[in-house]
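So you can see what is in the structure, the chains are spelled out below.
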Amino acid sequence: MTVGRFAPSPSGRIHLGNILCCLLAWLSARQKGGTIVLRIEDLDTARCPMRYAEQMIRDLRWLGLDWDQGPEVSGPNKPYFQSQRTALYQAALDRLEAQGLVYPCFCSRAELHAASAPHREDGLTVYAGTCRNLAPAEREERARRRSPALRLRVPDKEYSFTDGHMGPCAEHLERDCGDFLLRRSDGMFAYQLAVVVDDAAMGVTEVVRGADLLSSTPRQLYLYQLLGLTPPEFIHFPLLLAPDGRRLSKRDADAGLDSLRGRVTAEELLGRLAELAGFHPSGEPASAAELLGEFSWERIPREDIRLPAGLFE
């Protein structure tokens, strides 16, 4: 049976891009007769206070997007807040360390973003392996001055997969990514490790998320392999952009639900989003359940979608 999931980060009020992600994940799983897990990705507790998570849950309820496992519902794979699951991430980290694949990294943020460092097209820095082969004595000396992050050694190898919507994708881990973080210097576990551990532990078989995370997939496939876990099917969809072409952001309150709930109904909002996504041509108000009959991945574009100005005016 298909098990889909919502995995929002409660760092602010959800915006239209977050809502589209939840809607597509819900439709894709429900259309196959599957179930939905809601997991709150609040690893960064300073940026993700509980009040944001509680508001996010209320917003999803208002939108009519329900779930079978998660906060307020419970289930066999609790807890459903990442901040309460760190023992699982530590156990996975221990397994990777036992394979000799983890090493301490003492690079500062400034060093990582130095102009001389290689950068990908999406602006992310490709880690140059600066701390990969430090001698034990040098590691001890640096550790006295700075708490290290922990990185995973990647192979000189290309990882390829076929995305359920975007088609064939590949990334050469050493060249295009470099050794990536498993735990930050402040002790916070990294997204790549946590999401793999949680999706596997929760039995997720289908991951629907924005195309901005497409490049994360090869790293996660590598982790699935090292940890002996079965990866889900990945389905990435195009991003919603602001009318001026910027990416939507919780920080900027772009197209945020706090500014919309007083002006539109949930059905009006979902109907217009489904129209923009290409599978509800009329744009008429519709509930998530009413959109099930029209939903199809074949009708959704692969290019980013720009919101029209004055969408709900």
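Our structure's up above, just so we're on the same page.
These numbers come from a predicted model, not from an experiment.

S.K.: Is there a simple way to think about the sheet that holds strand β7 (residues 180-183) in this case?
M.R.: The strands making up a sheet associate through backbone hydrogen bonding, with each pair oriented either parallel or antiparallel. A sheet is described by the order of its strands in space; here three strands give the open sequence β3-β4-β7, paired in antiparallel fashion. In this open sheet, the two edge strands, each paired with only one partner strand, are β3 (102-105) and β7. Ignoring which end each strand starts from, the neighbouring axes of this sheet average 45° apart. Relative to strand β4 (residues 149-152), β3 is paired through four bridges, and the arrangement is antiparallel. Note that in β4 the partner of Pro104 across the bridge is Leu150.

S.K.: Looking at this structure, I do not really get the environment of Pro71. What am I missing?
M.R.: Counting through the fold element by element, Pro71 comes out in the loop between α2 (50-63) and α3 (86-98). Classification of Pro71 as buried rests on a relative accessible area of 8%. Placed 118 residues apart in sequence, Pro71 and Phe189 show a C-alpha to C-alpha distance of 22 Å. Pro71 has contacts with Leu38, Ile40, Ile57, Arg61, Tyr80 and Phe81, leaving out every residue within four places of it along the chain.

S.K.: Would you mind showing me how to read unusual backbone geometry here?
M.R.: The phi torsion of most residues other than glycine is negative, and most of the peptide bonds are trans. With an omega dihedral of 0°, the bond running from Lys78 to Pro79 counts as a cis peptide bond. Assignment of secondary structure puts Pro79 in the loop between α2 and α3. Although it is not a glycine, Glu72 adopts a positive phi angle of roughly 75°. Summarising the element assignment, Glu72 is placed in the loop between α2 and α3.

What counts, and where the lines are drawn
Residues numbered from 1 in each chain as written. Predicted model: local features only at pLDDT ≥ 70, side-chain atom pairs only at ≥ 80, totals over all residues. Heavy atoms only, no water. Pairing = 2+ DSSP bridges. Helix = DSSP H or I, 4+ residues; strand = E, 2+ residues; numbered from the N terminus. Axes fitted to C-alpha atoms, helices over the stretch in contact; angles between N-to-C directions. Buried < 20%, exposed > 50% of the residue type's maximum accessible area, 1.4 Å probe, protein only. Contact = heavy atoms within 4.5 Å.

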